[in-house]
Amino acid sequence: MKAIELAKAYDPKTFEERIYGLWKEQGAFKPESAQGGGKPFVVVIPPPNVTGVLHLGHGLNNSLQDIIVRFHRMRGVPVLWVPGTDHAGIATQNVVERKLKDRGTSRRELGREKFLEETWKVKHEHHAIISEQLARIGASVDWDRERFTLDDGLARAVREVFVSLYERDLLYKGNYLVNWCTSCGTALADDEVDHEDTPGKMYHLRYYFADAQGDAARNAIMNGEAAAAPNAAYVELATTRPETLLGDTAVVVHPEDERYADLKGKGGSAATVHLPLTGRDIPIVFDSYVDRAFGTGVVKITPAHDPNDWDLAKRHDLPVINILNPDGTLNGEVPEKYRGMTVKQARAAVLEDLKAGGWYIKEDNINHAVGHCYRCHTVIEPFLSEQWFVRMKPLAEKALACWRRGEIVFYPPKWQHTYQHWMENIRDWCISRQLWWGHRIPAWDCADCGKTSVSRNDLSACPHCGSAHIEQDPDVLDTWFSSWLWPFSTLGWEGIGKVGGKSPPSLQPLSGKPDGGLPLPPSAGDTPATPPPLSDFERFYPTTALVTAYDIIFFWVSRMIMAGLEFTGKAPFRDIYIHGLVRDKQGRKMSKSLGNGLDPLELVDEFGADSLKFTLAFMCAQGQDVLVDKESFKMGSKFANKIWNASRYILMNLEGRNLVQNPDLLPVDKWIYSRLNSAAQAMEDAFLSYRYNDAAQTAYEYFWNDFCDWYIEAAKLSLKTGEEITHNASEKDRAATVLLDVLAESLRLLHPLLPFVTEEIYGKLPNTTGLLITAPYPLFNERRCNPQEERHFAFLQELVRMIRTLRSECTISPEKKLRVNVRLIAEQEQVLRHNEQLVKLLAGIGEMEIETALAAAGNRPAGSIGMAGSGFEVFVFIAEAVDITALKQKFNKDLERDRAFIRGLQTKLANEQFVKNAPPELVAAEKVKLEDGLARTNKIETWLRDL
């Protein structure tokens, strides 16, 4: 056999694109490529917005999906990972409108049809970028099953669900208070509003009673005679939005607030107050909603611009006055002076007039939560508008019951409490959006009879009166309305009993009777009909797992569960793995404004796709955010480089070797197979419970430490030739055969985490065939467990490490052969004698004396330093290897440095303020440093005594 040449330097650019093309070309990403049968493993990708490009958060999410998908594919079951993108209504429309603005036009000037043409162009441009990015990071998705939320099939599913909800009385339209983005010009659902703590002011105002005493008090204050204005002539209240008083329709106090008890008994105008600046009087009402302990206990009620006020107004049958236009300016319901002003302009004008009119008392600086649009960050205005809503409580009850039955499982479990809380406190979902890009609402209003018709098919005439004067609702559905159907609409579901436009086989008329009755008995010679192939929906739904970030549990995860149960009768997936967000090393979210963002494609260019995937997995602990910077990815790159170099060493030493059938195993071979077996079990357990970091750390420890640092080094004993080490060809063939077998299986073990480098190397091995991506994953095998060999080799490792450590501390050259004396218990003597040559090779020993009894006190060989291990002592004749005087000086200098370091740690840990206020993990780390420092000084002190 010839030696196999791998490039000297690991360079992923030379093979990643080629390998990905090979996988696609051979259909490796398709479920049909499965080597076995069994229940499919199915994942649908959280569809990225089609207007964006993938950021590092997408890099994490898709890396984790790819890892788990590759693991299950190698287990031999059919695996389907469905790719796709989301039309992202608001976000996409914003992008296009900005482009039009730069061109000096607008969507209104363009018209709906032309605007949608422009939007589709943007979609196609960005879709190509996203597809390329997914390929570059190695996403093993089935590209032939790619979906887009505005595809025809998904559009039919969306319309079916809308109409079905309407028919089930789970959908309604009405005038309600909604979250309104004046910039996007549309309503938003509650969970599309980001609440941020914002500096603001609390304005304290007087509302004078509508009686003579109130009028007199106001006149006195305007004339600068505040002392003449009794407190009983007005109520004091406070607001953060003084401009909204123009829409007030009442003032409310608690019915049991003794401060205002006398207002209950007053009749006529005494029960009302003047509303500032409007010329209107409004009533005082009583409601237990008011918190008596907060401020004066008096609250202004603006039903059209506050959700709590809206609810209170319905209880007291108060009028509702909307003071805003859709663009955020004040409308005709306010005094003429303020009409057309923005909210900000109106606030300044109203405050000025309140001060001039004697209504204003004072203002306080505060911090309060202010809602912002999750897309454009404009301040949200509560706004009275006619919208479509889904009744969520009946859907949520089913989803909660499903969770309680154990049909869905959260990883980590803590997220189930978030899910439960949200479901138990759910509100109706506003699903209409005042946009043009999206699924248009399938409802038509009749100009003649005034009725609204909802239909699965486009209407040309009113079903109620036959009039042709009908117009489709101009609004579109919330983006999430198509996304909540994603797990089943992507698989071809288009309606109840409809898959891909056809009835599934179970709903077809039975054979022999076109009306669907019982089938006729077959005639003699009849050939049984071949059942039609299963559709994707029948074969792959419900899916298996959802991998997503915690920031869309409300937006998406919960709604998908509700939709799946309502329209398919099944939860759309069982496993829900919720990962953290990617943040910088300081724990901050990555953003353009902070300049701390990392482009996953730039990381792939610099370090390779395997480095990206492995590093993110290694750092992705359940329940924690992932804190990284650019330097972090060097770790993954170094590991990929280690795999490359180790494989290169093995392959370049195959010259003249022949593979052996059923080779005999040395103890060290049995040890590495046992370690590989343990790693396979640990990694399988980790993957099945979505503990990515545990799987990555196990892979790292096994390959770098067990395989490279120990086994490959040990194998040199059989492969090397030289003055001291000579072996016949048969032993070299045996050793090379075992080494190649362990390497091939190790590459299969690592493949889900580092797919490109492992596939490239695997394809060059002389003992493998086919693609690694579909090769079987290593399985735990009880017969491979060898605790005895693991125990024996652990003893040898401890002995070698101790000698290596001393060599390093004494700065002895690796080329210098040492003389050592080992004294050990009888049980270990045979192990050491059997592996004497191996220990000499690994520890750089020239001469080794082995004694079966532990040294008695004071019986230390002269000129040596002694070290004690588990059941043995080893003495290194250090005087033969170094200048003892110089070594003593070095040790004393090390001690001086280490003692100073220990004193600093002891002072820090004795500081109660540090221990109390520092993060617990920092305190624990400092304690570990102290323990290590004390152990090191004790060791050096012992060595000095020996010298």
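Note that the structure is a prediction, hence the values are computed from the model and not measured.

S.K.: Give me the lowdown on the overall build of the protein, citing residues and values where you can.
M.R.: Along the protein, the regular secondary structure elements total 29 helices and 31 strands. Rg of the C-alpha trace for the protein: 37 Å, well past the compact-globule value of 30 Å for 947 residues, more than 25% over. C-alpha atoms of the protein, sized along the principal axes, occupy 115 × 95 × 55 Å. Long-range contacts, defined here as pairs at least 24 residues apart, represent 78% of the contacts in the protein between residues at least 6 apart. Entry remark: accessible area of the protein is about 43,000 Å², with carbon and sulfur atoms responsible for 50%. Treating the 111 positive side-chain charges of the protein as one cloud and the 127 negative ones as another, the clouds have centres 3 Å apart.

S.K.: Describe the sheet that holds strand 28 (residues 818-824), naming the residues involved and giving the relevant values.
M.R.: The 4 strands lie next to each other as 29-28-31-30, forming an open sheet whose pairing is mixed. Each of the sheet's edge strands pairs with one partner strand only, and the pair in question is strand 29 (845-851) and strand 30 (865-869). Across the sheet, the mean angle separating the axes of adjacent strands is 20° when strand polarity is ignored. One ladder, built from 6 bridges, connects strand 28 with strand 29; its direction is parallel. The residue of strand 29 that forms the bridge with Val 820 is Met 848.

S.K.: Could you give an account of the pairing of strand 14 (residues 381-390), naming the residues involved and the relevant values?
M.R.: Counted residue by residue, strand 14 has 9 buried out of 10 residues, so it is predominantly covered. Summarising the sheet, strand 5 (residues 171-181) and strand 14 pair through 10 bridges and their orientation is antiparallel. The residue bridging Asn 179 from the neighbouring strand is Pro 382, located in strand 14. As judged from the 2 bridges shared by strand 14 and strand 16 (residues 429-430), these two strands associate in the antiparallel manner.

S.K.: Quick one: what's the story with helix 24 (residues 787-809), residue by residue and with numbers?
M.R.: Helix length check: helix 24, at 23 residues, gives a terminal C-alpha distance of 32 Å against a target of 33 Å (1.5 Å per residue), a fit within 8%. In the stretch just after helix 24, Thr 811 is the one whose phi turns positive, near 50°.

S.K.: Before we move on, can you summarise unusual backbone geometry with the specific residues and values?
M.R.: Note the cis peptide between Tyr 411 and Pro 412, where omega equals -5°. Its place among the elements puts Pro 412 in the loop between strand 15 (409-411) and helix 12 (415-424). Pro 542 follows Tyr 541 through a cis peptide bond whose omega is 0°. Along the chain, Pro 542 falls in the loop between helix 15 (536-540) and strand 24 (545-549). Phi at Leu 277 is positive, roughly 70°, even though this residue is not glycine. On the basis of relative accessible area, Leu 277 is assigned to the partly exposed category, the value being 23%.

S.K.: Lay out the packing of helix 1 (residues 16-25) against helix 23 (residues 755-762) in plain terms, naming residues and giving numbers.
M.R.: Between helix 1 and helix 23, the shortest axis-to-axis distance is 10 Å and the interhelical angle comes to 80°. The orientation of helix 1 with respect to helix 23, classified from their angle, is roughly perpendicular. Listed contacts from helix 23 to Glu 16, Arg 18, Ile 19, Tyr 20 and Trp 23 of helix 1 are Pro 755, Phe 756, Glu 759 and Glu 760. Looking at side-chain class alone, the contact of helix 1 with helix 23 contains 5 nonpolar, no polar and 4 charged residues.

Basis of the calculations
Residues numbered from 1 in each chain as written. Predicted model: local features only at pLDDT ≥ 70, side-chain atom pairs only at ≥ 80, totals over all residues. Heavy atoms only, no water. Helix = DSSP H or I, 4+ residues; strand = E, 2+ residues; numbered from the N terminus. Rg over C-alpha atoms; globule rule 2.2 N^0.38 Å. Contact = heavy atoms within 4.5 Å. Areas by Shrake-Rupley, 256 points an atom, 1.4 Å probe, with all protein chains shown as cover. Lys, Arg positive; Asp, Glu negative; His and termini not counted. Charge placed at Lys NZ, Arg CZ, Asp CG, Glu CD. Pairing = 2+ DSSP bridges. Axes fitted to C-alpha atoms, helices over the stretch in contact; angles between N-to-C directions. Buried < 20%, exposed > 50% of the residue type's maximum accessible area, 1.4 Å probe, protein only. Expected span 1.5 Å × (residues − 1). Parallel < 35°, antiparallel > 145°, perpendicular 65-115°, else oblique. Nonpolar A, V, L, I, M, F, W, Y, C, P; charged D, E, K, R; others polar.

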